[in-house]
Amino acid sequence: MATELIKADSLTYTHKKYDLLLTDPPYSLAIDNACYSRHNNGAACKEFDYNFNEQKLIDIVPDLLYENGTALIFCARTQLSKYIDGLSKYLYFKNLLVWHKTNPAPFGRESKYVNSDEYILYFTKNSKKWTFNLEHYPFKTTYYFTPILQGSERFNHPCQKPEKLIKYLLKTHTHQNDTVVDLFAGTGTVAKCCQDLGISSTSFEINEYYYNICKKRLDID
Ligand SMILES: C[S@@+](CC[C@H](N)C(=O)[O-])C[C@H]1O[C@@H](n2cnc3c(N)ncnc32)[C@H](O)[C@@H]1O
């Protein structure tokens with residue numbers, strides 16, 4: 001098992017091929033004041049969130065995957081149509097998964113419903129063959145319920161995903177000896193979960209501060 005961490009712009013990098021792309025790109029919530037409301041001054045939006053170009057990601061995803069490969073891409077509801085329309089030209093759209101946060105941050109609670117969902121788009125490259133493990137479940141639904149991070153698992157990143165959710169996705173979509181790529185590592189949650197499960201992974205992070213968090217978390221020199 002190998003854990004590779006690369007400090008680079010993953011959108012302009014020359015990539016190898018992988019069995020699974022599992023990644024959490026910027027949500028573009030900072031654009032057009034989308035995350036601003038009467039009671040939210042946009043504090044959750046970081047500089048990496050501005051001007052994210054979804055099309056650049058759409059352009060590189062199909063070539064990243066082996067013939068039986070899978071792509072799982074986190075996104076905001078405002079990005080759903082761009083990714084579904086863009087990627088469906090090259091890949092098979094299997095499901096829209098919903099991560100329902102049981103303890104959402106109550107932004108805007110006085111004036112609107114509190115957003116408690118995040119989305120994961122599930123695409124396969126092949127129409128006939130891909131990896132889907134039921135494990136001990138009779139079936140798996142498109143909803144996954146778990147709280148946002150609290151306590152010791154949390155690093156200083158506004159978008160860090162829970163290991164429980166990432167491990168569930170990895171167990172569902174990989175076989176032994178598969179390789180995983182994360183183009184937007186943040187604190188390195190995908191890589192850390194791969195390490196714990198004995199899966200080889202390659203992760204990219206452009207920001208020096210977050211890259212150093214990843215290095216420490218993954219115990220890489
Ligand atoms: C939504 S966060 C990922 C958080 C991650 N899922 C976690 O659990 O920590 C997206 C990350 O992508 C990084 N990023 C943005 N554009 C990038 C690019 N072109 N190449 C590599 N990393 C990039 C940002 O610095 C940010 O840390």
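Given the structure is predicted, the values throughout are model-derived calculations rather than measurements.

Conventions adopted
Residues numbered from 1 in each chain as written. Predicted model: local features only at pLDDT ≥ 70, side-chain atom pairs only at ≥ 80, totals over all residues. Buried ≥ 20, exposed ≤ 12 C-beta atoms within 10 Å, placed from the backbone. Helix = DSSP H or I, 4+ residues; strand = E, 2+ residues; numbered from the N terminus. Pairing = 2+ DSSP bridges. Axes fitted to C-alpha atoms, helices over the stretch in contact; angles between N-to-C directions. Parallel < 35°, antiparallel > 145°, perpendicular 65-115°, else oblique. Left-handed = near helix turned anticlockwise from the far one by under 90°. Contact = placed C-beta atoms within 7 Å. Nonpolar A, V, L, I, M, F, W, Y, C, P; charged D, E, K, R; others polar. Right-handed = clockwise from strand over helix to strand, strands pointing away.

Peer 1: Is there a simple way to explain the pairing of strand β3 (residues 65-75) in this structure?
Peer 2: Walk down a regular strand and you will see the side chains alternate between the two sheet faces. Burial runs high along β3: eight of the 11 residues are buried. Where strand β2 (residues 18-23) and β3 come together, five bridges link them in parallel fashion. Looking across to β3, one finds that Y18 is bridged to L65. With six bridges joining them, β3 and strand β5 (residues 117-124) adopt antiparallel strand pairing. The partner of F74 across the bridge, within β5, is I120.

Peer 1: Help me understand the packing of helix α1 (residues 54-64) against helix α2 (residues 80-87) in this model?
Peer 2: Two numbers describe a pair of packed helices, the interaxial angle and the distance between the axes. Following both chains from N to C, one finds α1 and α2 inclined at 30°, their axes separated by 10 Å at the closest point. On the basis of their axis angle, the class for α1 and α2 is roughly parallel. The element α1 and its partner α2 pack so that their crossing is right-handed. Facing E54, Q55, I58 and V61 of α1, the residues of α2 in contact are K82, Y83, G86 and L87. For the contact of α1 with α2, the class distribution of residues is four nonpolar, two polar and two charged.

Peer 1: Any chance you could explain the packing of helix α4 (residues 189-197) against helix α5 (residues 208-218) here in plain terms?
Peer 2: With their axes 10 Å apart at the nearest point, α4 and α5 run at an angle of 10° to one another. In this view, α4 runs roughly parallel relative to α5, as classed from their interaxial angle. For the element pair α4 and α5, the recorded crossing hand is right-handed. Here α4 contributes A191, K192 and Q195 to the contact with α5, which in turn contributes C214, R217 and L218. Tallied by class, residues from the contact of α4 with α5 come to three nonpolar, one polar and two charged.

Peer 1: Looking at this model, I keep getting lost on the pairing of strand β8 (residues 200-204). Mind explaining?
Peer 2: Burial analysis of β8 places four of its five residues in the buried class, which makes it a mostly covered element. With four bridges connecting them, strand β1 (residues 3-6) and β8 associate as parallel partners. Of the residues in β8, the one forming a bridge with I6 is F204. Inspection of the sheet shows strand β7 (residues 179-182) paired to β8 by four bridges, in the parallel sense. Looking across to β8, one finds that T179 is bridged to S200. A crossover connection joins β7 to the parallel β8 through α4; in handedness this β-α-β unit is right-handed.

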